[in-house]
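Letter by letter, the chains look like this.
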Amino acid sequence: MLKNHPKGLKVLFLTEMWERFGFYTMLAVLVLYMTHDFGWDEHKMGQIYGLFLGFVYFTPLIGGWIADRILGYRRTIMLGAVTLAVGYAMLAIPHPSELFFYLSLVVIVLGNGLFKANISVLVGNLYPPDSPLKDESYNIFYMGINVGALFAPFAASFMRNTFSFNAAFGVAAAGMVVSLLTFEFGKKYYMVEGRRPQENKAQEITISKKQEKERIWALLTIFAIVIFFWMSFHQNGFALTLFADRATKPIISPELYQVFNPMFILILTPLIVGMFAALRKRGKEPSTPAKIGIGMLLAGTAFLIMVIASLDGGNLDNHSLSPSWLISTYFVMTIAELFLSPMGLSFVSKIAPARMRGTMMGGWFTATAIGNYLSGFIGSFYGTWKHSTFFAVLVTASLFSAFLVLIFLKKLKHATRSEIDALPAEEAEAIA
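A short tour of the structure in this document, coming up.

## Brief notes about the overall build of the chain
Stage number 1. Check the secondary structure of the chain and you find 14 helices and 0 strands.
Stage number 2. Ordering the α and β elements of the chain from the N terminus gives α-α-α-α-α-α-α-α-α-α-α-α-α-α.
Stage number 3. In summary, the chain has a C-alpha radius of gyration of 21 Å against a globular reference of 22 Å for 432 residues, a match within 12%.
Stage number 4. Along the three orthogonal principal directions, the C-alpha set of the chain runs to about 65 × 40 × 35 Å.
Stage number 5. Relative to its full complement of 432 residues, the chain shows a buried share of 60%.
Stage number 6. Across the chain, every contact between residues at least 6 apart in sequence was considered, and the portion connecting residues at least 24 apart equals 85%.
Stage number 7. With the model as given, the accessible surface of the chain reaches about 16,600 Å², and the carbon-plus-sulfur share is 68%.
Stage number 8. Across the chain, the mean location of the 35 positive side-chain charges is 5 Å away from that of the 27 negative side-chain charges.

In structure tokens form, the structure reads like this:
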């Protein structure tokens, strides 16, 4: 799959893989750490979990602005990587006070804000604005995220069961150091793309004020819609983990259920990339916004499975359910994610004005932030509502957002078309 892509994609793939390994190692045990070491209830954990994930994905908006205006993408990413490593190392210190625990999460939030959006911008900057490989490049990059996410729960489970939760956080810090070294030693493959937009005029296309406003409107519309997806998706670290811990037969350790999502991504990404390539050759590939809408429909289907599982005995929290219910949910949710998340990154890279590409990529993660906060807010009701009711709310939210994509699809596709219209006439004709 990497045959027609620049070498810089491999570097960014590996950098993101190790960074996500660290993040998901930490996240795999975070709720269990709060449960077993601090003894907090669902309401308090839900608020902490939601605020943490909310700020983790809100701060990339600030990090993107810093990269656009001050430091450039490469230096901002480097600073973020160092800060993340420090944050994980702080969590690795045994028997922290509650205040020190919160401070550790704040450091992680700041590091992620500097890192997350800007490395996604670099992926798009590797390609000409008219490249048909952009969607595919983000699918490949997304595999890097999930290679790290696949091994993270195994590392987290081994370290916390063999040693302690703090040892698991130490492994997260080590993964971040490897990510930093990979990014530094591979810099020759992306150096130009790592500059600020003002320093890299090759990445800019002249567009009118009307086109710029149209693009920004389209991006803000997508950002608002995907909030509902992330609110639902990030129950994998909260409600679905608690469901595994309380309602499912203890065949698999609760944190190991989070392995299935990245494992399915690695299996399914080549198939979905191949499917889109085949449809592209026949002129029938869905537009990027349409793919996002399909992803929302699939998310609703995934949580419908959980509604049925809850009615089949999951509401009782008596460890009676087969693991196949959760595994099936993760399978369908993974397909939804592949239709939505990498396509959202690609959509931002395609149509965001060059002078604010980092900021708008941060906007994508801000939408994720709001969804993540809502995941904790909704999650705080998991112990109050029947599980079937809880998951039915997520089904409704996902289907509602898919309906919104359908309503705005024509305008969203037109904004994508304006990207072509902004190109020189001969290039626009070639890809039209």
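From this point, the narrative continues.
## Quick notes on unusual backbone geometry
Stage number 1. With phi around 50°, His-95 is a residue other than glycine that occupies positive phi space.
Stage number 2. Relative to the assigned elements, His-95 resides in the loop between helix H3 (73-91) and helix H4 (98-125).
Stage number 3. Positive phi values are uncommon outside glycine, yet Asp-317 reaches one of about 50°.
Stage number 4. Structurally, Asp-317 can be placed in the loop between helix H10 (288-311) and helix H11 (324-351).
Stage number 5. Owing to a relative accessible area of 28%, Asp-317 belongs among the partly exposed residues under this scheme.

## Focus: the packing of H11 against helix H12 (residues 357-379)
Stage number 1. Running from amino to carboxyl end, H11 crosses H12 at an angle of 155°, the nearest separation of the two axes being 9 Å. It follows that H11 is roughly antiparallel to H12 by the angle criterion. Considering the relative orientation of H11 and H12, their crossing is right-handed. In this structure, H11 contributes Leu-340, Ser-341, Gly-344, Leu-345, Val-348 and Ser-349 to the contact, and H12 contributes Arg-357, Met-360, Met-361, Trp-364 and Phe-365.
Stage number 2. Class assignment of the residues belonging to the contact of H11 with H12 gives a composition of 7 nonpolar, 3 polar and 1 charged.

Cut-offs and rules
Residues numbered from 1 in each chain as written. Predicted model: local features only at pLDDT ≥ 70, side-chain atom pairs only at ≥ 80, totals over all residues. Heavy atoms only, no water. Helix = DSSP H or I, 4+ residues; strand = E, 2+ residues; numbered from the N terminus. Rg over C-alpha atoms; globule rule 2.2 N^0.38 Å. Buried < 20%, exposed > 50% of the residue type's maximum accessible area, 1.4 Å probe, protein only. Contact = heavy atoms within 4.5 Å. Areas by Shrake-Rupley, 256 points an atom, 1.4 Å probe, with all protein chains shown as cover. Lys, Arg positive; Asp, Glu negative; His and termini not counted. Charge placed at Lys NZ, Arg CZ, Asp CG, Glu CD. Axes fitted to C-alpha atoms, helices over the stretch in contact; angles between N-to-C directions. Parallel < 35°, antiparallel > 145°, perpendicular 65-115°, else oblique. Left-handed = near helix turned anticlockwise from the far one by under 90°. Nonpolar A, V, L, I, M, F, W, Y, C, P; charged D, E, K, R; others polar.

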